[in-house]
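# Remarks on the overall topology
Listed here are the chains, written in short residue letters.
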Amino acid sequence: NPAYTAMWEKLNLDIPAHDGLLEVLGKFYGDIYMSQQGRLQGMEYLDFVLSEVHGLRIQELQQAKEQGKKIIGTFCVFVPEEITLAAGAVHVGLCSGADAGTEEAEKLVPRNTCALIKSFIGFKLARLCPFTESCDLVVGETTCDGKKKAYEAFAEHVPMHVMEVPNTKSDAARDLFKTEVLRYMQALQQLTGTAITPQALASGIRAVNAKRRALQRLSALRSADPAPISGRDALLINQVSFYDDPERFTHSINALCDQMEERIARKEGIAPAGTPRLLLSGCPMAVPNWKLPYIMESSGAVIVGEESCIGTRNTRDLVDESQETLDGMIDALVDRYMKIDCACFTPNTERLHNVTAMAQELKADGIVHYALKFCQPYAHEAFKIEKAAREKDIPVLSVETDYSMEDAEQLKTRVEAFVEMV
Ligand code: BJ8
């Protein structure tokens, strides 16, 4: 499409390298997604969104910019989308799930940095990501050491605002986070020239709650046996939730859930009843990081949930909608965000409860814990998750990997052995 090429040129992408990326991505998607039998019809919408992720969606962002809207890029579910929407801006997730520009990235961050961080830096330095190039502001956060130090280097390449996210859940930590939410509001008001009103924030809260409710509904329907949807498709839905228009997305996911309900009533599924059911837990899997889910589902299992930020960690809690004043809404928002059980917190015992409860609700036969190589917070918590799950007789397979395909065979062997055992 020549219009897209012109748009990508305007965004200063490396056109030949970007064409190559789209080709690889298209093939990868075909192998992993289009090869599935008995997919829900509603997934066509997701196929379309994904095929147009660097096309139509970027065109929409450019149109929004022409209308004076600002585009905000984020890497973490601690950055409140409600506030972004209240300022009339567009909120997109930027963290990337593929190796790109690694050599360049390693000039900015140490080699033993997780693949997710190297990827977002690599995508920027190699001029491959039209989302990053569309951003008027990129918002980082002080979560893990890798990210917070990487943002110092990244700030030399993109306009950045960094939110301080505390490491504990004390009262002082909550106060700090509230200050940071207010500071983010101020930064946005300055950038957009829009004052955030109680009405606008209430509407932002309602829109994001509605999106989270649709994803909660989807998550709950996956407790059915046979599983109504594959883990790959559910992961894709969660991935797309980070860059699609929130209202359109919510509408489409609710329609998909209607289809899932009909399918469940007919006792049909994506895999036969009795297929081993696994819960995937750990680091976020940004698009197009589908390696491990694909390996799991081609080893005779079906994934029934994602305990991750691209999954239930981002959707489990809602913001109280009963507040009427701006300050009341901000407090409600802070309370909701302080419930996030990210491994960057110490202690983070609520996650142990949340993972095992989720495995039980979804009738999972086992948990696959996934940590990216060099990710300290999740590698540490793998031990705790194993112990907490063992106490409930839930088997755990702990996996450490990255975005390369080099370990695919070895992973498959381990996953197959685990699936036979559960
Ligand atoms: S709330 S999980 S999105 S910080 S994988 S970059 S932790 S070294 S991503 Fe996260 Fe927010 Fe927490 Fe969620 Fe560091 Fe680990 Fe890399 Fe990670």
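Scroll up to find the structure this text is about.
What counts, and at which threshold
- Residues numbered from 1 in each chain as written.
- Predicted model: local features only at pLDDT ≥ 70, side-chain atom pairs only at ≥ 80, totals over all residues.
- Heavy atoms only, no water.
- Salt bridge = Lys/Arg side-chain N within 4 Å of Asp/Glu carboxyl O.
- Helix = DSSP H or I, 4+ residues; strand = E, 2+ residues; numbered from the N terminus.
- Buried < 20%, exposed > 50% of the residue type's maximum accessible area, 1.4 Å probe, protein only.
- Near = heavy atom within 4 Å.
- Nonpolar A, V, L, I, M, F, W, Y, C, P; charged D, E, K, R; others polar.
- Phe/Tyr/Trp six-rings, centres within 6.5 Å; stacked < 30°, edge-to-face > 60°.
- Lys NZ or Arg CZ within 6 Å of the ring centre and 35° of its normal.
- Axes fitted to C-alpha atoms, helices over the stretch in contact; angles between N-to-C directions.
- Parallel < 35°, antiparallel > 145°, perpendicular 65-115°, else oblique.
- Left-handed = near helix turned anticlockwise from the far one by under 90°.
- Contact = heavy atoms within 4.5 Å.
- Pairing = 2+ DSSP bridges.
- Expected span 1.5 Å × (residues − 1).
- Polar contact = N/O pair within 3.5 Å; in protein donor to acceptor, adjacent residues only side chain to side chain.

### Concerning the pattern of salt bridges
Across all of its chains, the model carries 39 salt bridges by this definition. Between K178 and D331 there is a salt bridge, and its shortest N-O distance comes to 3.2 Å. Of the two residues, K178 is situated in helix α10 (residues 171-192) and D331 in helix α15 (residues 326-337); the sequence distance between them amounts to 153 residues. For K178, a relative accessible area of 17% gives the class buried. Of the residues examined, D331 reaches a relative accessible area of 23% and is grouped as partly exposed.

### What about the site of the ligand?
Inspection of the region around the ligand gives 16 residues, with C114, C144, C309, C342 and C375 positioned closest. Here the shell around the ligand is built from residues that sort into 14 nonpolar, 1 polar and 1 charged.

### Some words on the packing of aromatic side chains
One pair of aromatic rings is described through two measures. These are the centre distance and the angle between the planes. Evaluated as defined, the whole model comprises 13 aromatic pairs. A connected cluster of aromatic rings, assembled from ring pairs, spans F28, Y29, Y33 and W290. A cation sits over an aromatic face here: K169 above F345, 4.4 Å from the ring centre. A cation sits over an aromatic face here: R336 above Y337, 4.5 Å from the ring centre.

### Observations concerning the packing of helix α11 (residues 198-221) against helix α13 (residues 246-265)
If you want to describe how two helices pack, look at the angle between their axes and the distance between the axes. At a minimum axis distance of 9 Å, the contact between α11 and α13 shows a crossing angle of 20°. Overall, the two elements α11 and α13 adopt an arrangement that is roughly parallel. In this structure, the crossing between α11 and α13 has a hand that is left-handed. Contacts between α11 and α13 pair A210, K211, A214, L215, R217, L218 and L221 from the former with P246, F249, T250, I253, N254, L256, C257, D258, M260, E261 and I264 from the latter.

### Comments concerning the sheet that holds strand β3 (residues 137-141)
Taken in spatial order, the 4 strands of this open sheet run β2-β1-β3-β4, and their pairing is parallel. One side of each edge strand has no neighbouring strand; the edge strands of this open sheet are β2 (90-93) and β4 (160-163). Pairs of neighbouring strands in the sheet enclose a mean axial angle of 25°, with direction left out of account. When β3 meets β4, the two strands line up parallel, connected through 4 bridges. When the sheet's bridge partners are listed, V139 is paired in β4 with H161. The strands that helix α9 (residues 145-154) touches are β3 and β4; relative to β3, the one it contacts most, it runs at about 150°.

### Re α15
In this model α15 runs 16 Å from its N-terminal to its C-terminal C-alpha over 12 residues, within 8% of the 16 Å that 1.5 Å per residue would give. Considered for burial, the residues of α15 that qualify are G328, M329, I330, A332, L333, V334, R336 and Y337.

### Considerations on the side chain of N209
Position of N209 relative to the elements: it lies in helix α11. With relative accessibility at 0%, the residue N209 sits in the buried group. Only 2.8 Å separates the side chain of N209 from the backbone oxygen of V319, close enough to count as a polar contact. With near-sequence residues (within four places) excluded, N209 lies in contact with L318, V319 and E321.

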